[in-house]
Amino acid sequence: MTPPDPATPVRATPVRATPVRAAREDARTAAPAATPRTVWRRTRGLLICLGILTVAAVTLAALASGSRHGRLDPRSADPDGSRAVAELLQARGVTTRVVTTAREAAAAAGPGTTLLVTDPDRLGESRLRAIRSAIDLSGGRTVLLAPGSLSLPDLAPAARTKGTAFDQDLDPGCTLPAAVSAGRAATGGDHRYTTDGATGTACYPSGGHPTLLVLPTGTTGGDTVILGSETILLNKKLASEGNASLALQLLGSRPDLVWYLPSLADVQDEDPAQEQSFLDLLPHGWSWALLQLFAAAVLAALWRARRLGPLVTEKLPVAIRASETTEGRARLYRKAGARDRAATVLRAATRERLAALLGVPPAQAHDPAALLPAVSARLTERQPDLPGLLFGTTPATDAALVALADHLDALEREVRTS
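Since the model is a prediction, treat every value here as computed from it, not as a measurement. (Residues numbered from 1 in each chain as written. Predicted model: local features only at pLDDT ≥ 70, side-chain atom pairs only at ≥ 80, totals over all residues. Heavy atoms only, no water.)

Draft legend 1. Just the overall build of the protein chain, in detail. Looking only at helices and strands, the protein chain features 14 helices and nine strands. When contacts within the protein chain are restricted to residue pairs at least 6 apart in sequence, those whose partners lie at least 24 apart make up 69%. As displayed, the protein chain has an accessible area near 24800 Å², and 58% of this comes from carbon and sulfur atoms. (Helix = DSSP H or I, 4+ residues; strand = E, 2+ residues; numbered from the N terminus. Contact = heavy atoms within 4.5 Å. Areas by Shrake-Rupley, 256 points an atom, 1.4 Å probe, with all protein chains shown as cover.)

Written out as structure tokens, the structure reads:
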């Protein structure tokens, strides 16, 4: 006889009761407590993977941090760097100093220096004013690399952009000694310029408009060179045409070269005293990126969500015999010595089945006054200890518990067959 056990995952057929077979003890009572060793065994795979990824990321960052620089950086040997022209200038006795702020650039400018501004269109208003002050007061040369309509009004008011020069390699078309000596060079591909009647030298025309302008400044001996393309300074193009000659003559006319590479702080014109929030420091593109990630998350949730529709039955991958589950529970309860709980469950299950056979209401199945007379009426032989069998105390030994199960089986069998 097997008492009903809702924790059993399969339908059990009636088998011989054991001390634990009819028990309803929760399986978690036998579960081992978590220890540091078990926690480590469960999480070591994830921790090892995270450690490998961290070490790889740190290693790659360390290897790349000291050897790679940005575009037009005189320390970079990449195709888009400018280390080749810096080394050629050094061989000619010109020292190159890299600065990253407009304040440093303006302070370093002087009569014996050439100030190269690599990306003037990205400078903020206050930085443009600092460079303009250096142009007017230094008395040296200032080379503006591919300035556009954003920076020309502040740095060179006499010049304006005039479209794009589609041809990259152009002829000098002027009497400037540096251009005549260099010959054909890659000054096209970006901006063309025009002047508002200012005196100066216009070279390398494309469609009637120059891509190289040399304008005098207010200070004696100073000039401003407006170069419409950065191509002649790149490592990958320096050996083409007369690019190397033109670059060396434009940047090497003074003994010192100040190479201004604007930093992130210089490309945003902000008041240093103004406090910024965390969101103000994030790039503008992050809002669109977050929106795309949110849309992707919603689509993934819809894709992985439970499909609506009728329930579909499926076969269990493994069929487990009810007797195996019962025997496993029996071993656990025997190890725990739970004779009291086993006896209680055996008697309760027997009373419920007897009540159903005898027509006793389920609510009165565990009432001795209602159940015992009905059972006695169906027995052919008088049971001397019927109350003790159905409502007695806990057996003292395992053998007594087994005997109780046998007596309950016999009682139920007699009621069924009477």
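Draft legend 2. Representation of a positive patch on the surface within the structure. On the surface, a cluster of positive charge is contributed by Arg-37, Arg-41, Arg-42 and Arg-44. Among the secondary structure elements, Arg-41 is positioned in helix H1 (residues 36-65). A relative accessible area of 42% places Arg-41 in the partly exposed class. (Patch = residues over 30% accessible without salt bridge, like charges linked within 9 Å, V, L, I, M, F, W, Y side chains within 5 Å. Salt bridge = Lys/Arg side-chain N within 4 Å of Asp/Glu carboxyl O. Lys, Arg positive; Asp, Glu negative; His and termini not counted. Charge placed at Lys NZ, Arg CZ, Asp CG, Glu CD. Buried < 20%, exposed > 50% of the residue type's maximum accessible area, 1.4 Å probe, protein only.)

Draft legend 3. A look at the sheet that holds strand E7 (residues 209-216). Reading across the sheet, the seven strands line up as E1-E9-E2-E3-E8-E7-E6 and stay open at both edges, with mixed pairing between neighbours. The sheet is open, and its two borders are formed by strand E1 (95-99) and strand E6 (201-206), each paired with just one other strand. Mean inter-strand twist for the sheet, computed between neighbouring axes without regard to direction, equals 15 degrees. The pairing of E1 with strand E9 (residues 256-260) spans five bridges and is classified as parallel. The residue of E9 that forms the bridge with Thr-95 is Asp-256. In the packing of helix H7 (residues 243-251) onto the sheet, the strands contacted are strand E2 (113-117), strand E3 (141-145), E6, E7, strand E8 (223-227) and E9, and the crossing angle to E3 comes to about 135 degrees. (Pairing = 2+ DSSP bridges. Axes fitted to C-alpha atoms, helices over the stretch in contact; angles between N-to-C directions.)

Draft legend 4. Layout of helix H14 (residues 398-417). With 20 residues, H14 extends 29 Å between its outermost C-alpha atoms, agreeing within 8% with the 28 Å of an ideal straight helix rising 1.5 Å per residue. Residues of H14 that are buried include every one of Leu-401, Leu-404, Ala-405, Leu-408, Asp-409, Leu-411, Glu-412 and Val-415, and no others. The buried residues of H14 occupy one face: seen down the axis, they fall within an arc of 165 degrees. Turned more than 90 degrees off the buried face of H14, the exposed positions are Ala-399, Arg-413 and Thr-417. (Expected span 1.5 Å × (residues − 1). Arc of directions from axis to C-beta.)

Draft legend 5. Seen up close, the pattern of salt bridges. Taken as a whole, this structure holds 14 salt bridges when the rule is applied. The partner of Arg-71 in a salt bridge is Glu-230, and the shortest N-O contact between them spans 2.5 Å. On the criterion of sequence distance, the pair formed by Arg-71 in the loop between H1 and helix H2 (83-91) and Glu-230 in the loop between E8 and H7 is long-range, its members being 159 residues apart. When the shortest N-O distance is used, the salt bridge between Arg-334 and Asp-398 registers 4.0 Å. Of the two residues, Arg-334 sits in helix H10 (residues 322-336) while Asp-398 sits in helix H14, which places them 64 residues apart along the sequence. Through salt bridges that share partners, Arg-71, Asp-80, Glu-230 and Lys-236 make up one connected network.

Draft legend 6. Structural view of helix H4 (residues 125-138). Here H4 contains 14 residues, and its C-alpha end-to-end distance of 20 Å stays within 8% of the 20 Å for a straight helix at 1.5 Å per residue. Among the residues of H4, those classed as buried are Arg-127, Leu-128, Ile-131, Ala-134, Ile-135 and Ser-138. Buried residues in H4, looked at end-on, bunch into an arc of 120 degrees, giving them a common side. Opposite the buried face of H4, by more than 90 degrees, sit the exposed residues Glu-125, Arg-129 and Leu-137. Buried residues belonging to H4 abut helix H3 (102-108), E2, E3, helix H5 (152-155), E8 and E9. In the segment just after H4, Gly-139 is the residue with positive phi, at about 80 degrees.

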